[in-house]
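Read off the chains here:
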Amino acid sequence: MRMNCLAFLSLLFTLLPFHLQSISTGTAYIHRSCNSTDDPKLCCKTLSRYPRVVQSNPARLARVAISVSHSHVNGVAAYLSNIINSREVSPTPIKDCADFLSDATEEIGDSLGQMREMGEDPGAPDFGSNVSNVETWMSAAFAYEELCKDELEYVTDVEMKKDLFDRVHHVQKITLNALGFAIEEECEHIRNILKMYEIASGQKVNLQKSSVFYSPNTKDDTKQAISLQYHPYG
């Protein structure tokens, strides 16, 4: 028994440095990545529990961020349902808002399922189209959350309106951060292409002096997320 305990302790102290290094690497990567989001402080707060999962992998970071968004939107939708069931208030605008959040939850759930299926290899077949699906669904979720906020304008109780609006706006920012990390998957692929060009040409691409052109169908929140990835400091 004594030998078994000694062997266990020896193994524990052998593995501990690797465990701590994994946490340190993941924490640094999360903080660095969050600096390129619209709300770095909120981003770090919501993702700081997952350094071991994320490590320094952009696909894992996107998947975790989408999962966190899904959980938060679900929570606010449940909060609205409780109000509808327990308060003497006009339920119509709150119910409409809750319905939109339910739609947002479904879109985020689809995004999460796609992220789990597509894996972490940017060179895999259909990787680009799968990421595009995730971006589309996350953008739709963001739009549904905006529609939810629109419905809250019809809530007559001023204090309740502010409370609900703040909660929905909070999860909307989390969704936008998650959308940004999904877009980062494609941005990373573009960066790799630019690095190949730099190596081949001997020239350095200055992103701060570069422009990005969008199709007329590109949504504003997608433009914002891409802009933050390539020009995080304005």
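Residues numbered from 1 in each chain as written. Predicted model: local features only at pLDDT ≥ 70, side-chain atom pairs only at ≥ 80, totals over all residues. Heavy atoms only, no water.

> So what exactly am I meant to see when it comes to the state of the cysteines here?
One covalent bond between the sulfur atoms of two cysteine residues makes up a disulfide. Counting across every chain of the model gives 2 disulfides. The disulfide partner of Cys-34 is Cys-43, and the gap between their sulfur atoms is 2.0 Å. Across the S-S bond linking Cys-34 and Cys-43, the dihedral sits near -65°, which makes this disulfide left-handed. On the accessibility criterion, Cys-34 (0% relative accessible area) is buried. Residue Cys-43 is classed as buried on the basis of its relative accessible area, which comes to 1%. Assigning the bonded cysteines of the protein consecutive numbers by sequence position, one obtains the connectivity 1-2, 3-4. Lacking any disulfide linkage, Cys-44 is separated from the closest cysteine sulfur, that of Cys-34, by 3.9 Å. (Disulfide = S-S within 2.5 Å. Buried < 20%, exposed > 50% of the residue type's maximum accessible area, 1.4 Å probe, protein only.)

> Is there a simple way to think about the packing of aromatic side chains in this case?
Aromatic ring pairs: the centre-centre distance and the angle between the two ring planes describe each pair. If you walk through the whole model with that rule in mind, you get 1 aromatic pair. Taking 6.3 Å as the distance between ring centres and 25° as the angle between the ring planes, the aromatic pair formed by Phe-100 and Tyr-144 counts as stacked. Placement of Phe-100 in helix α5 (residues 91–118) and of Tyr-144 in helix α6 (residues 127–152) is noted, with a sequence separation of 44 residues between them. The partly exposed category is assigned to Tyr-144, whose relative accessible area is 25%. Against the face of Tyr-79 rests Arg-167, its NZ or CZ located 3.7 Å from the ring centre. (Phe/Tyr/Trp six-rings, centres within 6.5 Å; stacked < 30°, edge-to-face > 60°. Helix = DSSP H or I, 4+ residues; strand = E, 2+ residues; numbered from the N terminus. Lys NZ or Arg CZ within 6 Å of the ring centre and 35° of its normal.)

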